[in-house]
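# Structural description and commentary
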Amino acid sequence: MRMINVDEIVSKLTLEEKVKIVVGVGMPGVFSNPQSRVAGVAGETHSIPRLGLPSAILADGPAGLRINPTRENDEKTYHATAFPIAVMLASTWNLEILEEVGKAMGEEVREYGVDILLAPAMNIHRNPLCGRNFEYYSEDPVLSGEMASAFVKGVQSQGVGACLKHFAANNQETNRMSVDTIVSERALREIYLRGFEIAVKKSKPWSVMSAYNKLNGKYCSQNEWLLTKVLRKQWGFEGFVMTDWFAGDNPVEQLKAGNDLIMPGKVNQVNMFRKDEISEIMEALKEGKLSEETLNECVRNILNVLVNSPSFKAYKYSNEPDLDAHAKIAHKAGIEGAVLLKNENTLPIQKDAKIAIFGTGQIETIKGGTGSGDTHPRYAISVLEGAKEKGLKVDEELANMYEEYIKKMRETEQYKPVQHPWGFLVYPKLLEDFLTEDEVKKFAERNDLAIVVISRISGEGEDRKPIKGDFYLSDDEVKLLQVVSKQFHEVGKKVVVLLNIGGPIEMVSWRDLVDGILLIWQAGQETGRIVADLLTGEANPSGKLPTTFPKDYSDVPSWNFPGEPKEDPERVIYEEDIFVGYRYYDTFGVEPAYEFGYGLSYTKFDYGDLKVSVDSDVLKVSYVIKNVGDMAGKEVSQVYIRAPKGKIDKPFQELKAFHKTQLLNRDEFEEICIEIPLRDLASFDGEEWLLEKGEYEVRVGSSSRDIRLKGTFVLKEEVRFAP
Ligand code: BGC
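Counting from 1, residues in each chain are numbered in the order their sequence is written. At least 70 in pLDDT is required for a residue's local features to be given in this predicted model, at least 80 for side-chain atom pairs to be given and counted, and no such filter applies to totals for whole chains, interfaces and linings, which use all residues. With hydrogens and water set aside, each side-chain value is computed from the structure's full complement of heavy atoms.

## Some points on the UniProt feature "domain: Fibronectin type III-like" (unreviewed entry) in the protein
This is how it is decided: UniProt positions are given in the numbering used here, feature names are shortened, and annotations may be inferred rather than shown by experiment. Helix numbering and strand numbering both begin at the N terminus, where a helix is a DSSP run of H or I of at least 4 residues and a strand a DSSP run of E of at least 2.
The UniProt entry lists residues 635-704 under the feature "domain: Fibronectin type III-like" (unreviewed entry), expressed in the numbering used here. Secondary structure across residues 635-704 comprises 0% helix and 57% strand; the distance between its end C-alpha atoms is 14 Å.

Written as structure tokens, this is what we have:
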């Protein structure tokens with residue numbers, strides 16, 4: 001193979017060619033730009049034909065490769081697998097699965113001729129209403145960072161690149177392109193940057209995408225402190241940084257700050273936006289406002305990565321990724337990411353139980369969120385289809401009533417699907433209480449169990465709202481639950497709710513009405529099959545919450561979300577500082593509906609034999625988990641550390657490590673040995689990390705509030721670490 005010497009290329013490039021390397025070709029297929037050679041991708045870099053340099057292709061996103069499934073004048077299809085959404089992947093707490101999902105997506109990226117996948121997205125769930133939380137992993141940076149690292153390793157093992165996004169503190173959609181996020185350096189280092197730091201150091205991503213928002217007064221894409229000092233110098237990042245699409249207001253400042261590639265490039269869009277970046281950068285070079293050396297540095301950062309890309313290696317892609325194998329991986333990930341929230345002697349059900357399924361979501365099942373994190377799979381199995389396919393005894397008459405109701409309503413003016421400006425269809429929410437009480441009574445009498453599907457969808461560009469029909473159930477949903485529970489309970493039958501959602505909703509006001517609740521998130525193309533396997537005990541739920549479900553929206557610590565002024569926020573001040581998610585609820589004694597790390601199983605696990613020791617600069621924790629129930633299952637154990645009271649305010653406890661067991665049969669056990677560098681226990685104190693002296697408590701739990709084992713260790717001296 002021809003060896004490519006980047007310095008040699010840079011020495012041959014003209015000034016204008018260098019500028020082209022740092023600016024994308026414009027959004028392919030949009031604003032009268034030509035479609036890319038892979039239709040439907042998000043972006044493409046410039047080729048330099050004179051030197052034989054091809055373009056590289058960039059495509060979304062976190063739940064699967066987003067490309068057009070069909071092409072003009074082409075019979076072939078180009079479907080990609082729809083995996084579970086990222087918050088569901090994080091609910092698996094399973095690093096092996098994340099790596100497997102990453103590998104599968106990476107293969108699709110490569111075999112469809114793409115070079116870089118614009119994922120993982122790893123912003124922190126600061127507030128449950130962020131419209132893109134479904135694309136993000138967790139409220140906790142350690143869980144996010146570990147999940148992202150495993151995913152990136154998987155993707156990049158396929159010879160293509162991953163991209164950590166959106167760097168950083170892009171925790172809302174409202175005014176995302178302009179809002180100024182005001183946040184302390186401590187909260188940044190410990191919460192909002194920490195996951196990125198873990199992923200950069202552990203998985204060496206090819207690229208990072210700077211975020212739209214401003215961070216303490218400067219656009220992230222124009223923020224030298226963030227992109228050069230922290231990312232490149234302190235963490236040792238070796239890839240290249242790209243902007244989010246159309247981010248920031250000054251391409252020259254972007255290059256100077258360490259943002260190497262400007263995406264998608266404003267070619268053919270000069271009327272919509274200001275000038276195009278290529279001419280702006282050329283002018284700045286001529287006027288001496290940008291040095292050629294700075295430009296060279298950006299070019300080198302980009303080319304150092306791209307020379308390893310499939311396009312540069314002229315890889316002959318097949319357009320035939322193994323979609324069947326990947327569907328199995330999507331299914332497996334969904335099985336492990338569903339979270340059993342409530343189960344009063346109800347689940348699993350007998351395979352021959354007669355079930356009555358309620359809720360329009362059984363047919364219009366949501367596979368994932370909208371926007372750049374959307375996917376175009378070959379199929380998506382609804383809850384109803386999955387149940388039927390797996391041979392469950394579904395009440396056909398009821399299913400038909402739902403089918404007819406949905407069909408009829410979708411033909412009306414009020415409920416017909418409408419085209420969103422970004423191309424996808426929006427389905428106005430249907431009323432869920434169309435059945436009469438007598439009809440429900442009939443179904444209660446002749447079935448063994450009721451299943452009620454509650455669905456929500458959200459997406460890029462808009463945050464969710466703390467209102468009925470979104471964070472709260474709508475009146476018609478409540479009515480459906482009330483009527484179904486009353487009628488089924490009257491004849492001694494149980495009711496199970498399936499939550500087909502992308503982020504927390506309020507549950508306390510209605511959860512007592514039902515006997516079981518399974519959080520199935522938005523599980524991608526395999527959703528219905530996953531649900532059927534979990535309901536029948538073909539598989540045992542083993543997911544745990546990566547994000548707190550608060551009792552009420554008024555309990556949420558980021559009370560000023562999405563900033564001020566409320567209607568059109570210019571800035572958002574992170575007043576809760578480091579007290580995000582469980583760090584807040586635990587420290588300030590606020591009880592959530594379901595805590596971080598929570599999730600039930602059809603079996604039971606015992607914890608024992610805790611050993612804690614400190615060996616030079618590593619904390620060693622070991623313990624044993626045994627399956628003491630009746631069914632094979634996996635357990636996610638979590639190691640929290642409670643720091644001593646010292647100079648700095650600390651949260652009550654913080655997650656520092658976790659482990660998911662293998663499938664344990666009845667009476668089987670696993671010994672778990674975990675090593676945590678002491679540096680990871682330090683807090684950010686002004687300029688450095690400070691590990692305080694004193695007695696630390698090691699808390700090993702099945703959730704953040706179900707601590708099974710406690711031990712302690714003492715540090716005699718404080719230690720400081722450079723960032
Ligand atoms: C999103 C990114 C995405 C990009 C390209 C932006 O609007 O914020 O996450 O990768 O578009 O589609």
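Next comes the rest of the account.
## Comments concerning the site of the ligand
Our working definition: Nearness of a residue to a molecule or strand requires only that one of the residue's heavy atoms be within 4 Å of it. Pairing of N or O atoms within 3.5 Å defines a polar contact, subject to two protein rules: one partner must be a possible hydrogen donor and the other a possible acceptor, and residues neighboring in sequence count only if both atoms are side-chain atoms. Only the protein chains shown count as cover for residues, and all accessible areas are computed by the Shrake-Rupley method using a 1.4 Å probe.
The environment of the ligand is made up of 14 residues, and the closest members are D60, R132, H166, D244 and E460. Contact distances for the ligand include 3.4 Å between an oxygen atom and a side-chain N or O atom of R66. Between the ligand and E460, the relevant distance is 2.6 Å, taken from an oxygen atom to a side-chain nitrogen or oxygen of the residue. The protein chains hide 94% of the 310 Å² of surface that the ligand would expose on its own.

## Some remarks on the pairing of strand β25 (residues 688-691)
Defined as follows: Strand pairing is defined by DSSP finding a minimum of two bridges between the two strands.
Of the strand pairs in this sheet, strand β24 (residues 683-685) and β25 are connected by 3 bridges, and their pairing is antiparallel. In the sheet register, F684 faces β25, and the bridge partner there is W689. Where β24 folds back onto β25 in an antiparallel hairpin, the turn is made up of 2 residues, including G686, whose phi is positive at roughly 75 degrees. Sheet topology places β25 next to strand β28 (residues 719-721); 3 bridges connect them, and they run antiparallel. Bridged to L691 within β28 is V719.

## Overview of helix α17 (residues 527-535)
The periodicity of an α-helix, 3.6 residues per turn, causes residues three or four places apart in sequence to face the same way. To keep it simple, the criterion reads: Relative accessibility decides the category of a residue: with a 1.4 Å probe and only protein chains considered, values under 20% of the type maximum give buried, values over 50% give exposed, and everything between is partly exposed. Throughout, a residue-residue contact means that at least one pair of heavy atoms, one from each residue, lies within 4.5 Å.
Counting buried residues along α17, 9 of its 9 residues qualify, which places the element largely inside the surrounding structure. For α17, the full list of buried residues reads T527, G528, R529, I530, V531, A532, D533, L534 and L535. On its buried face, α17 sits against α12 (323-337), α13 (383-389), β15 (449-455), β16 (494-500) and β17 (516-519). Within two residues after α17, G537 carries a phi angle of roughly 80 degrees, on the positive side.

## Examining the pattern of salt bridges
The criterion, for reference: Salt bridges are counted wherever a side-chain nitrogen of Lys or Arg sits within 4 Å of a carboxyl oxygen of Asp or Glu.
For the coordinates displayed, the defined rule picks out 66 salt bridges. Where E297 meets R300, a salt bridge forms, and the shortest distance between an N and an O atom there is 3.2 Å. A residue pair is termed a helical-turn pair when its members lie 3 or 4 positions apart in one helix, as E297 and R300 do in helix α11 (residues 292-306) at 3 residues. Given the relative accessible area of 36%, E297 is considered partly exposed. Salt-bridge contacts for E397 lead to R446; the nearest nitrogen and oxygen are separated by 2.8 Å. On the criterion of sequence distance, the pair formed by E397 in helix α14 (residues 396-410) and R446 in helix α15 (residues 437-446) is long-range, its members being 49 residues apart. Here R446 falls in the partly exposed class, since its relative accessible area comes to 33%. A cluster of three or more residues bridged by salt bridges with shared partners is formed by R132, E135, E173, R176 and E460.

## Quick notes on the side chain of E595
Put simply, the test is: In this tally, Lys and Arg are treated as positive and Asp and Glu as negative; His is ignored, and so are the chain termini.
Counting through the fold element by element, E595 comes out in the loop between α18 (582-587) and β19 (605-615). Despite its burial, E595 remains without a salt bridge, the nearest opposite charge being carried by R705 at 5.6 Å. A polar contact of 2.5 Å, which involves the side chain of E595, links it to the side chain of S703.

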